[in-house]
Amino acid sequence: MARNAVDISPAGRGKYDPASIESRWYPYWEKNDLFRTNHDSEKEPHVIVMPPPNVTGRLHMGHALQDTVQDALTRLRRMQGFEALWVPGMDHAGIATQNVVEKTLKKEEGKNRHDYGREAFVDKVWEWKEEYGGIILEQKRRLGDSCDWSKERFTMDDGFSRAVQEVFVRLYNEGLVYRGEYLINWCPVDRTAISDEEVENVERKGHLWYLRYPLTDGSGFIEIATTRPETMLGDTAIAVNPEDERYTHLVGKTVRVPLTDRQIPIIADEYVKSDFGAGALKVTPAHDKNDFEIGRKHDLEILNIMNLDATLNENAGVYAGLDRFDAREKIVADLEAQGFLVRIEEYASTVPISHRSKAIIEPLISRQWFVKMKPLAEPALEAVRDGRITFYPKRWENEYFRWLENIRDWTISRQLWWGHRIPVWYWLDADGEIDESRGFRVSIEQPEEGMVQDEDVLDTWFSSWLWPFATLGWPEKTPDLAKFYPGTVLVSGYDILFFWIARMIMAGLHFMGDIPYKDIFITGMIKDKQGRWMSKSLGNGIDPLEMTEQYGADAVRFSLTILCAQGQDIKLDPTKFEMGRNFANKIWNAFNVFGQFMEEGKDYRRKRSFAELDFAEQWMLTRLGQTILDVEEDLARYRLNEGLGKIYTLFWGDYCDWYLELIKPQSGEPMSEERIALAVELFETMLQLLHPFMPFITEELWTHVRPREEGDICMTSAWPTANKADMDAGVAGHFATVQELISGIRNVRAQYAVSPSQDISAVLQLEPGLVAAVEGHREYFAKLARVTDLEVRTGGSRPAASSSVVVGRNQVFVPLKGMIDLDVERERLQKEIDEKTRYHKSIEGKLSNEQFVSRAPEAVVQTERDKLVEVMAEIKRLQASLDELA
RNA sequence: GGGAGAUUAGCUCAGUUGGUUAGAGCACCUGUCUUACAAACAGGGGGUCGCAGGUUCGAGUCCUGCAUCGCCCA
């Protein structure tokens with residue numbers, strides 16, 4: 001591949017046009033293999049695995065946020081000299097994908113999957129995957145994701161399938177995978193079992209039906225209450241609390257199930273709450289979780305009355321064939337007609353619905369495959385408890401503990417066609433049916449001629465929980481696995497904490513014997529302006545690609561990062577991206593301040609030492625160094641928003657608003673080479689600091705600020721470090737005072753409505769230490785406050801007809817002949833005095849508190865003392881000024 | 001019912017182990033085409049940090065209770 005097969009000649013110095021920059025740089029990085037990692041590298045690895053998006057997915061804001069974070073971390077570490085790997089890929093997303101393809105077939109051909117048959121349908125899904133799958137990965141490129149595309153994986157590619165089968169077989173051999181008939185969550189719409197985690201419980205308004213069951217000895221009735229009258233056809237007992245005196249005499253007797261001829265016993269079980277409903281409970285082991293438990297305890301018959309499409313089966317007698325809810329109506333009507341219905345109450349009950357299809361789940365008895373989770377959960381709990389894995393923010397650990405401590409077995413078989421076939425084989429009988437009597441064999445390959453494989457597939461998470469190591473080649477012992485496992489940090493939302501994050505930790509510990517990553521950075525979720533989830537049905541989604549087109553990828557990334565505070569959800573509004581766009585525009589334009597003076601092809605390098613620099617230059621360099629130190633700390637703790645915020649302030653608030661304004665020559669004059677050299681140096685360093693967050697504009701401007709050798713690009717440059725030799729806190733302090741003096745003068749100008757174009761004079765009365773610093777920099781006041789006539793002195797009296805500003809031990813007088821309004825001036829000063837006096841009082845209050853002085857740390861007390869002296873001096877000066885006006 | 005959050009300027013939110021006079025962006029008001037940027041610049045107004053207690057020399061920050069909002073789990 002030809003290096004540099006992309007035109008990267010700098011874009012013109014016209015308006016900032018993100019699209020033109022972004023379309024050139026991504027291909028450049030990719031074609032030059034700059035994202036590619038090497039397992040032979042001596043560099044320390046830094047590894048992130050991308051949460052694999054659904055193969056049918058489209059990029060949404062949640063992806064944009066998480067990708068921005070992952071990419072920023074990857075780019076940062078790459079610049080810091082790590083072998084920074086970000087593994088991309090996709091998830092086959094069982095049900096989701098199958099549904100999408102089925103819908104498409106229905107729409108386009110009017111066919112369902114059964115019209116095709118399993119093999120042809122699965123082929124169809126693969127075709128579909130080849131055609132539409134991975135669109136999202138293209139979309140991620142638009143954002144600038146610097147993942148190692150050579151390591152892209154799919155949860156159903158050959159290697160992954162191999163890993164999944166291997167895991168199933170191993171777990172089976174270890175006794176951790178088992179088959180059994182239990183009450184599972186059945187989704188009648190998707191026609192498959194789903195795991196407990198895929199079920200949501202929602203409160204629905206419903207009714208509580210009070211029914212009475214006749215005692216078979218003819219001695220009367222027992223009354224029960226139920227939210228699901230139709231399940232009475234599957235009742236196999238009535239239960240009461242053993243302590244409930246109303247019913248003790250009935251325990252052991254039998255009742256007849258209304259509308260049927262079946263007789264069932266009355267049993268006692270402490271599970272029954274006497275104060276709920278009528279105090280007696282109908283027990284339907286085949287259709288209710290709790291009833292199932294009671295049934296097991298009392299060895300009750302399990303009577304299934306339902307088909308897989310949620311219609312009633314032959315056990316329902318005359319109701320067979322009716323949908324469960326139609327049956328309910330009819331049964332209630334019949335009960336009423338026959339005198340078994342006592343009354344109906346309004347009642348809000350919790351209804352289980354499928355996370356995906358939103359259909360009401362039916363608890364059904366079914367033979368499925370499960371994973372025994374307790375033995376896997378223990379080490380996973382331990383890994384977080386002992387600190388091998390840390391959550392950011394920490395509070396998610398509690399959620400993690402709670403789930404793992406109460407973990408239930410995982411239903412992993414799914415009655416779908418799209419997914420990993422379960423590696424279990426059966427013998428057939430003479431009729432070609434599965435011969436259950438001969439059992440089964442668990443095996444990756446067909447164990448014997450003629451055996452058939454289990455029809456079911458595995459839960460999609462049963463493959464994605466292997467993501468951190470299966471993507472690196474497991475179960476083979478690959479060099480990638482050796483180099484890049486365990487990973488460094490996982491970036492994900494809390495919505496898949498149980499589905500994915502916790503299970504990856506279990507799998508990592510079990511199969512690799514080591515944690516999958518050290519840190520887990522949980523991002524907040526993106527919500528709409530009103531705090532609602534973004535969804536297709538609400539139509540409140542914000543399309544990241546549209547935003548990228550409108551504002552630029554750098555702008556989108558900047559805004560998302562700055563809004564991403566530790567674990568807080570983000571209420572997003574498209575106007576938020578203006579912040580990023582404005583900043584990118586600012587960066588672009590700032591370059592022109594000195595860029596317009598630069599000679600084409602010339603490399604500007606600073607020749608002056610720190611001591612030889614100008615006051616403002618020394619200050620700016622100091623600020624830069626301090627910011628690098630601060631940012632380093634923020635980023636190490638995943639406080640990207642704070643780190644980026646500091647860079648933003650540095651660039652806009654310090655570099656642009658003060659530094660550039662000061663080094664800018666008068667109109668028509670040139671800028672000295674040395675001035676340019678430092679401006680370039682500062683700018684270049686800030687481009688590096690910004691690169692992880694705004695890769696495109698920084699890469700582009702990188703080529704503008706200096707002539708670059710082939711391959712000298714921002715992305716692979718070395719992350720800046722603070723240089724103590726280029727920092728001076730004293731200078732920074734002095735400069736801050738000058739800033740305050742200038743602000744004071746500007747304030748006076750605004751107060752007296754002095755036209756911005758009008759020159760003024762000013763008298764600076766400074767403490768001796770500052771005189772030297774300011775003396776040579778009268779032009780600062782000229783440039784920033786239009787003070788053309790400046791007197792600098794250490795003492796003296798107030799010039800006539802002047803306004804004054806006090807800054808610590810310094811004071812500035814602004815003579816405004818003919819403009820000073822004494823009343824305005826008195827008011828100004830008085831207001832200032834009042835403010836300072838209040839401040840003075842609060843400090844004095846502290847210092848006169850003996851407790852404070854004796855108990856607070858000496859440094860804190862001293863700070864207060866210093867402040868007191870300072871503010872007293874200020875008040876004194878202000879008062880003197882006021883007195884002079886009297 | 002349990003858990004973990006949120007409540008700070010008109011709006012959206014930062015605010016680290018308790019220690020300058022609580023910050024930003026947007027919005028608002030005044031002024032500016034000051035030759036990088038009007039997607040900008042300068043200046044300004046605006047907060048008893050949800051309420052009530054407590055701990056502490058000191059609380060937006062820690063503790064308890066309450067209120068409101070949504071989230072997770074049963």
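Residues numbered from 1 in each chain as written. Chains lettered and ligands numbered in written order. Predicted model: local features only at pLDDT ≥ 70, side-chain atom pairs only at ≥ 80, totals over all residues. Heavy atoms only, no water.

## Structural notes on the sheet that holds strand β12 (residues 280-283)
The condition that has to hold: Strands were regarded as paired on the criterion that DSSP finds at least two bridges between them. What counts as a helix is a DSSP run of H or I of at least four residues, what counts as a strand is a run of E of at least two, and both are numbered from the N terminus. Interaxial angle, 0 to 180 degrees, is taken between N-to-C directions of lines fitted to C-alpha atoms, where a helix line uses only the stretch in contact. Only heavy atoms matter for contacts: two residues are in contact if any of them lie within 4.5 Å across the pair.
With respect to topology, four strands assemble into an open sheet ordered β10-β11-β9-β12, the strand pairing being mixed. Two strands close off the open sheet at either side, each with one partner strand: β10 (254-256) and β12. The average angle at which neighbouring strand axes cross in this sheet is 30 degrees, direction not considered. Relative to strand β11 (residues 263-268), strand β9 (residues 237-240) runs parallel, the two sharing three bridges. Following the sheet pairing, valine 240 is matched in β11 by alanine 268. Strands in contact with helix α8 (residues 289-298) are β11 and β12; relative to β12, the strand with the most contacts, it is inclined by about 85 degrees.

## Considerations on the layout of surface pockets
What counts, and what does not: Both site types are read off a 1 Å grid over the protein atoms alone. A 1.4 Å probe that fits but cannot get out defines a cavity, while an open set with protein on both sides within 12 Å along at least five of seven lines defines a pocket; lining residues have an atom within 4 Å of a point. Grid points are joined across faces, edges and corners, and a volume is the space filled by probe spheres set on the points.
Taken as a whole, the second largest pocket encloses approximately 1,400 Å³ of empty space. Lining the second largest pocket are 41 residues, with Thr227, Arg228, Asp288, Asn290 and Thr350 positioned closest to its centre. Residue assignment for the lining of the second largest pocket shows that the elements contributing at least two residues are β7 (199-214), β8 (221-226), β12, α8, α9 (324-337), β13 (341-354) and β14 (362-371). Top contributing element to the lining of the second largest pocket by residue count: β7, with eight residues.

## Here we look at the pattern of salt bridges
What counts, and what does not: What makes a salt bridge here is a side-chain nitrogen of Lys or Arg within 4 Å of a carboxyl oxygen of Asp or Glu, nothing more. The classification of residues rests on relative accessible area computed with a 1.4 Å probe and restricted to protein chains. Under 20% of the type maximum is buried, over 50% is exposed, and intermediate values are partly exposed.
Within this structure, the stated rule accounts for 59 salt bridges. Two residues, arginine 865 and glutamate 858, come together in a salt bridge whose shortest N-O distance is 3.8 Å. Among the residues examined, arginine 865 registers a relative accessible area of 34% and is labelled partly exposed. Linked by salt bridges that have partners in common, Asp603, Arg605, Glu684, Arg706, Arg708 and Asp712 make up one network.

## Section: the protein's contact with RNA strand B
Here is the rule: Here a residue is near a molecule or strand as soon as one of its heavy atoms is found within 4 Å of it. We define a polar contact as two N or O atoms separated by no more than 3.5 Å, with the added condition that, inside protein, one atom must be a possible hydrogen donor and the other a possible acceptor, whereas residues neighbouring each other in sequence contribute only through side-chain atom pairs. Gly counts as polar in this scheme, as do all residues outside two lists: the nonpolar Ala, Val, Leu, Ile, Met, Phe, Trp, Tyr, Cys and Pro, and the charged Asp, Glu, Lys and Arg.
Taken together, the neighbourhood of RNA strand B is formed by 45 residues, with Lys576, Arg637, Trp652, Phe852 and Arg855 sitting nearest. If you look at RNA strand B and keep only atoms within 4 Å of the protein, 67% of those are sugar or phosphate atoms. Within the side chain of arginine 402, one N or O atom sits 3.5 Å away from a sugar or linking oxygen of RNA strand B. Tryptophan 652 is positioned such that a nitrogen or oxygen atom in its side chain is 2.4 Å from a phosphate oxygen of RNA strand B. Of all the elements in the fold, those that place two or more residues in the surface near RNA strand B are α11 (396-405), α18 (576-595), α20 (640-663), α23 (729-751), α26 (822-848), α27 (850-855) and α28 (858-885). Of all the elements, α18 adds the most residues to the surface near RNA strand B, at ten residues. Considering only residue class, the surface near RNA strand B consists of 14 nonpolar, eleven polar and 20 charged.

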